[in-house]
Amino acid sequence: MAGPTLLKESGPREVFCGLTSIVWLHRRMPDAFFLVVGSRTCAHLIQSAAGVMIFAEPRFGTAILSERDLAGLADAHDELDRVCKELLQRRPEIRTLFLVGSCPSEVIKLDLARAAERLNEELYGQVRVVNYSGSGIETTFTQGEDGALAALVPLLPASDERQLLLAGTLADAVEDRQMHLFKRMGIETIHSLPPRQSTDLPGVGAGTTVLLTQPFLTETARLLSDRGATVLTAPFPLGAEGSRRWMEAAADDFHLPNERVAAVLDPLMKRAESALARHRAVLEGKRIFLLPESQLELPLARFLQRECGMELVEVGTPYLNREQMAAELALLPDDVPVMEGQHVEQQLDRVRASQPDLVVCGMGLANPLEAEGIATKWSIELVFSPIHGIDQAGDLAELFSRPLHRRQLIRPGLHPSNPDTPVHA
Ligand code: SF4
């Protein structure tokens, strides 16, 4: 059967662990605290990933396992209880405490699920304690969000209300905009997971239709469907076309009249088309190679190929959920290699051999590739930027056209006709 060529690769990886997702999750739910139970390495990771945020009284921290814990000399559970209680005394505004597992806590088999249960009993009424794993052994980058949301699903109250549930963290402004558009199309009740307050959990049940805003929520989607919800399969809301199809999937499920949906979406599509034109002029015909990091790679590749005219050399993804990605896979061109997993050395060999115009990769590879003369786009920016929805299609394209544009601007400096003449861009 025609379609993209699905491949798998394993070996050395160059990706974040799931702990990194704390950086955006804690901003989403200001009344929650994320306590990593791990090593100094984990604390360093979060500090580096959060950058300047660590100075703004953050709502995350690390309970560092000491040698006494590792050697079994101290009862790690007693220690953890003590740390949690101290933390809650100092920060009484915390309503939900996430105990986040790491590689060290998992390797020594520290039972955080039991710790959460015990603390929940003791702190009942004051704070809710949940746990999930963000370890690098089990999770890659955005999968941490899947773990955190999956941990919340059992706490959602049962509800038979007919409603649309948007699952996955969006920037607040983007989420407001999508909800406004859905309401204009005729969907009355819309909730989101995660909510903006961790205690404000939406209900779930047979009347719930779930629209995933992000492609990395495999476990969350499974648990929501176990609770009776219908989880839609649709392209993800990246780019104008993807966002439109995503909204139409919900509109179909709610049996909204086509004319009403078109009346809301058509003018947005027109605006997106003109916003995209400028960037398409830069991107058209350029060859792009996406390395695996966030699972956003497939929808991005689909957008860049179909709406910006780029040629796909290889599309990497850390994990491929074929069922949830069916609509995305169907929109990718035939024979494009989609590589699940990574052997970073072999992948870099393929990058060098194919000499793409642009490589989407993590920060660990970006500058070294630039030094080899290959233009790059940091993939992490895609997780922190408001890129979802029809209105954002132009901004999303700009994230890719900008590095190519910058290269053009500095080209005279990189290849001076007379090396003695200074160049001013
Ligand atoms: S969870 Fe594992 S991969 Fe992540 S920082 Fe800690 S030790 Fe490293």
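To be clear, the structure that these remarks concern was listed above.
Residues numbered from 1 in each chain as written. Predicted model: local features only at pLDDT ≥ 70, side-chain atom pairs only at ≥ 80, totals over all residues. Heavy atoms only, no water.

(A) View of the packing of helix α4 (residues 76-90) against helix α6 (residues 112-122). Where α4 meets α6, the closest approach of the two axes is 11 Å, and the angle between their N-to-C directions is 50°. Put simply, α4 runs oblique to α6. The hand of the α4/α6 crossing is right-handed. Each of His-77, Leu-80, Asp-81, Cys-84 and Lys-85 in α4 lies in contact with α6, whose residues at this interface are Leu-112, Arg-114, Ala-115, Arg-118, Leu-119 and Glu-122. Split by residue class, the contact of α4 with α6 holds five nonpolar, one polar and five charged. (Axes fitted to C-alpha atoms, helices over the stretch in contact; angles between N-to-C directions. Helix = DSSP H or I, 4+ residues; strand = E, 2+ residues; numbered from the N terminus. Parallel < 35°, antiparallel > 145°, perpendicular 65-115°, else oblique. Left-handed = near helix turned anticlockwise from the far one by under 90°. Contact = heavy atoms within 4.5 Å. Nonpolar A, V, L, I, M, F, W, Y, C, P; charged D, E, K, R; others polar.)

(B) Molecular detail of the site of the ligand. Around the ligand, the neighbouring residues are Cys-17, Leu-19, Cys-42, Leu-45, Ser-102, Cys-103, Pro-104, Ser-135 and Gly-136. Counting only elements with at least two residues in the shell around the ligand, the list comes to α2 (40-50) and α5 (103-107). Among the residues forming the shell around the ligand, the class breakdown is six nonpolar, three polar and no charged. (Near = heavy atom within 4 Å.)

(C) Examining the pattern of salt bridges more closely. Going through the model one piece at a time under the given rule, you end up with 31 salt bridges. The closest approach of N and O atoms between Glu-175 and Arg-28, which form a salt bridge, is 2.8 Å. Of this pair, Glu-175 sits in helix α8 (residues 172-185) while Arg-28 sits in helix α1 (residues 22-28); the two residues are 147 residues apart in sequence, bridging distant segments of the chain. Relative accessible area serves as the criterion here: at 5%, Arg-28 is assigned to the buried category. One salt bridge connects Glu-381 with Lys-377, and the closest N-O pair in it is separated by 2.6 Å. The exposure class of Glu-381 is partly exposed, given its relative accessible area of 25%. With a relative accessible area of 5%, Lys-377 lands in the buried category. Among the ionic contacts, a cluster of salt bridges with common partners joins Arg-28, Asp-172, Glu-175, Asp-176 and Arg-196. (Salt bridge = Lys/Arg side-chain N within 4 Å of Asp/Glu carboxyl O. Buried < 20%, exposed > 50% of the residue type's maximum accessible area, 1.4 Å probe, protein only.)

(D) Summary view of the sheet that holds strand β13 (residues 358-361). An order of β1-β12-β11-β10-β13-β14 is seen for the six strands of this open sheet, with the pairing classed as parallel. A strand with exactly one partner marks an edge of an open sheet, and here the two such strands are β1 (5-9) and β14 (376-378). Averaged over all neighbouring strand pairs, the angle between strand axes comes to 20°, with direction disregarded. Pairing between β13 and β14: three bridges, direction parallel. Each residue of the ladder has a partner; that of Val-360, found in β14, is Lys-377. Here helix α12 (residues 297-306) sits on the sheet and contacts β10 (287-290), β11 (311-317) and β12 (337-341); the angle it forms with β11, its principal contact strand, is near 170°. Lying over the sheet, helix α14 (residues 344-354) contacts β1, β10, β11, β12 and β13, oriented at roughly 175° with respect to β10. (Pairing = 2+ DSSP bridges.)

(E) Summary view of a nonpolar patch on the surface. On the surface, Leu-70, Val-107, Ile-108 and Ile-137 cluster together to form a nonpolar patch covering roughly 370 Å² of accessible area. Looking at the element boundaries, Ile-108 is found in the loop between α5 and α6. (Patch = residues over 30% accessible without salt bridge, like charges linked within 9 Å, V, L, I, M, F, W, Y side chains within 5 Å. Areas by Shrake-Rupley, 256 points an atom, 1.4 Å probe, with all protein chains shown as cover.)

(F) Representation of empty space enclosed by the protein within the structure. If you walk through the whole model with that rule in mind, you get one cavity of 30 Å³ or more. Roughly 30 Å³ of internal volume is contained in the largest cavity. Taken together, Leu-211, Leu-212, Leu-232, Thr-233, Ala-234, Phe-236, Trp-246 and Gln-324 make up the full set of residues lining the largest cavity. Counted by class, the lining of the largest cavity contains six nonpolar, two polar and no charged residues. (1 Å grid on protein atoms, 1.4 Å probe; cavity = no way out; pocket = protein on both sides within 12 Å on 5 of 7 lines; lining within 4 Å. Points joined across faces, edges and corners; volume = space filled by probe spheres on them.)

(G) Quick look at the packing of aromatic side chains. Applying the stated criterion across every chain, the model contains six aromatic pairs. Each ring, one from Trp-24 and one from Phe-141, has its centre 5.7 Å from the other, and the planes form 90°; the classification is edge-to-face. Residue Trp-24 is found in helix α1, and its partner Phe-141 is found in the loop between β5 (128-133) and α7 (143-152); the two are separated by 117 residues along the sequence. Each of the two residues, Trp-24 as well as Phe-141, counts as buried. Joined through ring pairs, the aromatic side chains of Phe-16, Trp-24, Phe-141 and Phe-384 make up one cluster. (Phe/Tyr/Trp six-rings, centres within 6.5 Å; stacked < 30°, edge-to-face > 60°.)

Distances and angles like these do not, on their own, reveal function.
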